[in-house]
Amino acid sequence: MRGWGYGHEKTTNKFSAEVCERAVRMVRDHQGDHASQWAAIASIASKIGCTAESLRRWLRQAEHDAGMRPGATTDERERIKALERENRELRQANEILRKAVGLFCQAELDRRFKP
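Residues numbered from 1 in each chain as written. Predicted model: local features only at pLDDT ≥ 70, side-chain atom pairs only at ≥ 80, totals over all residues. Heavy atoms only, no water.

1. Quick look at the pattern of salt bridges
- Under the definition given, this model contains five salt bridges.
- Residues Arg 98 and Glu 95 are paired through a salt bridge, measuring 3.1 Å at the closest nitrogen-oxygen approach. Of this pair, Arg 98 and Glu 95 both sit in helix α4 (residues 74-112), three residues apart, which is roughly one turn of the helix.
- Here Arg 98 falls in the exposed class, since its relative accessible area comes to 54%. (Salt bridge = Lys/Arg side-chain N within 4 Å of Asp/Glu carboxyl O. Helix = DSSP H or I, 4+ residues; strand = E, 2+ residues; numbered from the N terminus. Buried < 20%, exposed > 50% of the residue type's maximum accessible area, 1.4 Å probe, protein only.)

In structure tokens, the structure reads:
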């Protein structure tokens, strides 16, 4: 269950994985004490100091990781992110190489046709 609580990639998380996991357990344990799952989420989120939406996302990700809900697990999401980063870096490297080859070819043509 590592990697929880990271939220969106552009934000930082002030909650440790342990806090996120504990909050998810609390929602599961106390869901019956509330009128709905959302009510349980809102109640527990206010107690731990996060937003209800953050806790809802943590809960959904835990369900993905446990195979209870379709979707990418935390490990799969991390792997996809790493592959996308690698793909982006390879595209940049290819573009640099393409430009370098063009410059070398142009320099060779210029050298051959000088009087």
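2. As for the environment of Cys 20
- The residue Cys 20 is located in helix α1 (residues 17-30) in this model.
- Between the alpha carbons of Cys 20 and Cys 50 there is a distance of 9.7 Å; along the sequence they are 30 residues apart.

3. Here's the deal with the nonpolar core
- Judged by nonpolar contacts, the single largest core of 15 residues is most densely connected at Val 24, Val 27, Ile 41, Cys 50, Leu 55 and Trp 58.
- Elements that contribute at least two residues to this core include exactly α1, α2 (37-48) and α3 (52-65).
- Here Ile 41 is in contact with Val 27, Ala 52, Leu 55, Arg 56 and Leu 59, once residues within four sequence places are set aside. (Core = buried A, V, L, I, M, F, W, Y, C linked by side-chain atoms within 4.5 Å. Contact = heavy atoms within 4.5 Å.)

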